[in-house]
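# Observations on chain architecture
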Amino acid sequence: MSKKINTQEQTNFDIAVIGGGIVGLASAYKIQMRYPGIRIGVFEKEKQLAVHQTGRNSGVIHSGLYYKSGSYKAKNCAKGRKELVEFAAENNIACKICGKIIVATEEAELDTLEEVFQNGRENQIEGLEKIGPEQISEIEPFSRGIAGIYVPCTGIIDFKEVAKKLAELLESKSQQSSVLTCCEVTRIDKHDGVTKVTTSRGNFATKCLVNCAGLQCDRIAKMDGINSLMKIIPFRGDYYELTEKALHKVRNLIYPVPDPIFPFLGVHFTRMIDGVVECGPNAVFSFKREGYSKTAFSIKDSWDSLTFSGTWRLFLRHWRYGLNEYRRAFFKGQFIKQLQRLIPSLRVEDIKPSRAGVRAQALWPKGELIDDFKIEKGINSIHVLNAPSPAATASLAIGETVSQIAAEHFNL
Ligand SMILES: Cc1cc2nc3c(=O)[nH]c(=O)nc-3n(C[C@H](O)[C@H](O)[C@H](O)COP(=O)(O)OP(=O)(O)OC[C@H]3O[C@@H](n4cnc5c(N)ncnc54)[C@H](O)[C@@H]3O)c2cc1C
């Protein structure tokens, strides 16, 4: 980032935030706004900010209708969404509230569709409407379904732009706060109330620590002596995109009815803020936490995942779903079949391979996916241990929560 820090000498911060994704930056920003005099260092291992989950997601500002009423996801998604839209307007970040439809294509999905609708009502999502086949084709002329939900407050944004702006505002708010890239945290030691953070750019001393390391957050927690039973298991999501000729087949956002067993929303169509229409993502177990190709492999990451009992229990329970997702990952014909459920006229030649993202999904040893956001406290530290979708939408609300916890736990 812009500020020059002499990393040969030990620099002191009041709070070190590990992770320059949207959650780390929103947390740092919110703490800085609450305590302008505090010195914050954000440590990001990559050359640029937001290159992992934040920079590789669907770019959807979620409404909050799916999440269990009363959960942190439900509360923070709706609150964070409203704040995000205001933040984008104040800071000239392109953002569009375009609305989305959820489309049921067979009778078996109708009960779940109704549950999603009632859940949305309970979560007080604005303007939800049940729609029938005609309204589906009015809103999205190429989509077909037997029933659906119209969600007018869903939107699109580039979360990378939000992350960059948060970093810029953080540094401009305080001369003593810095966002350091190429700064990988490799070790954490604690002595007499001071935390020594060893990084690829030298050593730093800090009073307190906030871990927002996304796909690596369980490892950072372990470095800090947190003895959590959960583990991060990476799930890759591959995207296709519509070719220029087929772009007219999608106006905005078209989603299937979600499978209630999984936290993933199913392959959907998303018109991104730059006009590209993406189709995806699927959800396949990844042999590398930050691996974005179909054959990406890391011995360390695979060993970690495959020696964890939770991974095998999850595989055994959901082997059929997993196998189908793998088939879809490797065979375009399988992927298109899934998309044709929402747009029957879509052809193989209408889509071309696009990018991929990897989700950090926290898992318990018994194989249960941790559905809700999860934040734990350590000695002079706070660890964000599960921040899957909709954490980008909810980032400012999560940041606010982290800053509240910091205020009490760090005695600020
Ligand atoms: C395919 C996909 C689609 C999604 N779609 C949506 C969506 O449409 N809407 C939505 O709201 N959410 C979506 N999400 C979820 C959302 O992207 C994430 O919840 C959010 O980006 C999490 O942000 P983060 O800051 O926790 O993680 P990240 O963005 O992954 O940031 C963590 C950062 O920590 C850094 N780091 C890790 N280890 C170290 C270390 N040792 N030292 C220094 N730095 C370190 C990493 O380099 C990284 O930059 C999606 C996610 C994926 C993967």
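Attention in this report is confined to the structure presented alongside it.

It is worth spelling out unusual backbone geometry at this point. Residue G280 is joined to P281 through a cis peptide bond whose omega torsion reads -5°. Of note, P281 is situated in the loop between strand 16 (277–280) and strand 17 (284–285). Going from S389 to P390, the amide bond is cis rather than trans, its omega being 15°. Take P390: it is sitting in the loop between strand 20 (381–386) and helix 11 (395–409). Unusually for a residue other than glycine, C182 sits at a positive phi of about 50°. Inspection of the secondary structure assignment puts C182 in the loop between strand 9 (178–180) and strand 10 (185–191). One non-glycine residue, D192, lies in positive phi territory at about 45°. For D192, the position within the fold is in the loop between strand 10 and strand 11 (194–199).

Another aspect to go through is the packing of aromatic side chains. On inspection of all chains with the given rule, the structure shows eleven aromatic pairs. Here F13 and F204 contribute two aromatic rings whose centre-to-centre distance is 6.0 Å and whose plane-to-plane angle is 25°, an arrangement assigned as stacked. Residue F13 is found in strand 1 (residues 11–18), and its partner F204 is found in strand 12 (residues 202–211); the two are separated by 191 residues along the sequence. Comparing F13 with F204 shows no difference in burial state: the two are buried. Seen in terms of ring centroids, F235 and F264 are 5.5 Å apart; in terms of plane orientation they differ by 50°. Their pairing is tilted.

On to the nonpolar core. Within the largest apolar cluster, 41 residues are counted, with the highest numbers of intra-cluster contacts made by I15, I40, L166 and V210. Of all the elements in the fold, those that place two or more residues in this core are strand 1, helix 1 (22–34), strand 2 (40–43), helix 2 (72–90), helix 5 (159–173), strand 12, strand 20 and helix 11. With seven residues, the single largest contributor to this core is helix 1. Those residues within four positions of I15 in sequence are excluded, and the remaining contacts are I31, I38, R39, I40, G41, T206, C208, V210, F410 and L412. Grouped together as the second largest cluster of nonpolar side chains are 25 residues, L180, I188, I226 and A360 included.

Moving on, we get to the pattern of salt bridges. Scanning all chains against the criterion turns up 27 salt bridges. The residue R187 makes a salt bridge to D189 at a minimum N-O spacing of 2.9 Å. Judged by relative accessible area, which is 18%, D189 ranks as buried. As a salt-bridge pair, D301 and R219 come within 2.8 Å of each other at their nearest N and O atoms. Taken as a pair, D301 in helix 7 (residues 299–306) and R219 in helix 6 (residues 217–223) lie far apart in primary sequence, 82 residues in all. For the pair D301 and R219, one class covers both residues: buried. A cluster of three or more residues bridged by salt bridges with shared partners is formed by D218, R219, R289, D301 and D304.

Parameters and conventions
Residues numbered from 1 in each chain as written. Predicted model: local features only at pLDDT ≥ 70, side-chain atom pairs only at ≥ 80, totals over all residues. Heavy atoms only, no water. Helix = DSSP H or I, 4+ residues; strand = E, 2+ residues; numbered from the N terminus. Phe/Tyr/Trp six-rings, centres within 6.5 Å; stacked < 30°, edge-to-face > 60°. Buried < 20%, exposed > 50% of the residue type's maximum accessible area, 1.4 Å probe, protein only. Core = buried A, V, L, I, M, F, W, Y, C linked by side-chain atoms within 4.5 Å. Contact = heavy atoms within 4.5 Å. Salt bridge = Lys/Arg side-chain N within 4 Å of Asp/Glu carboxyl O.

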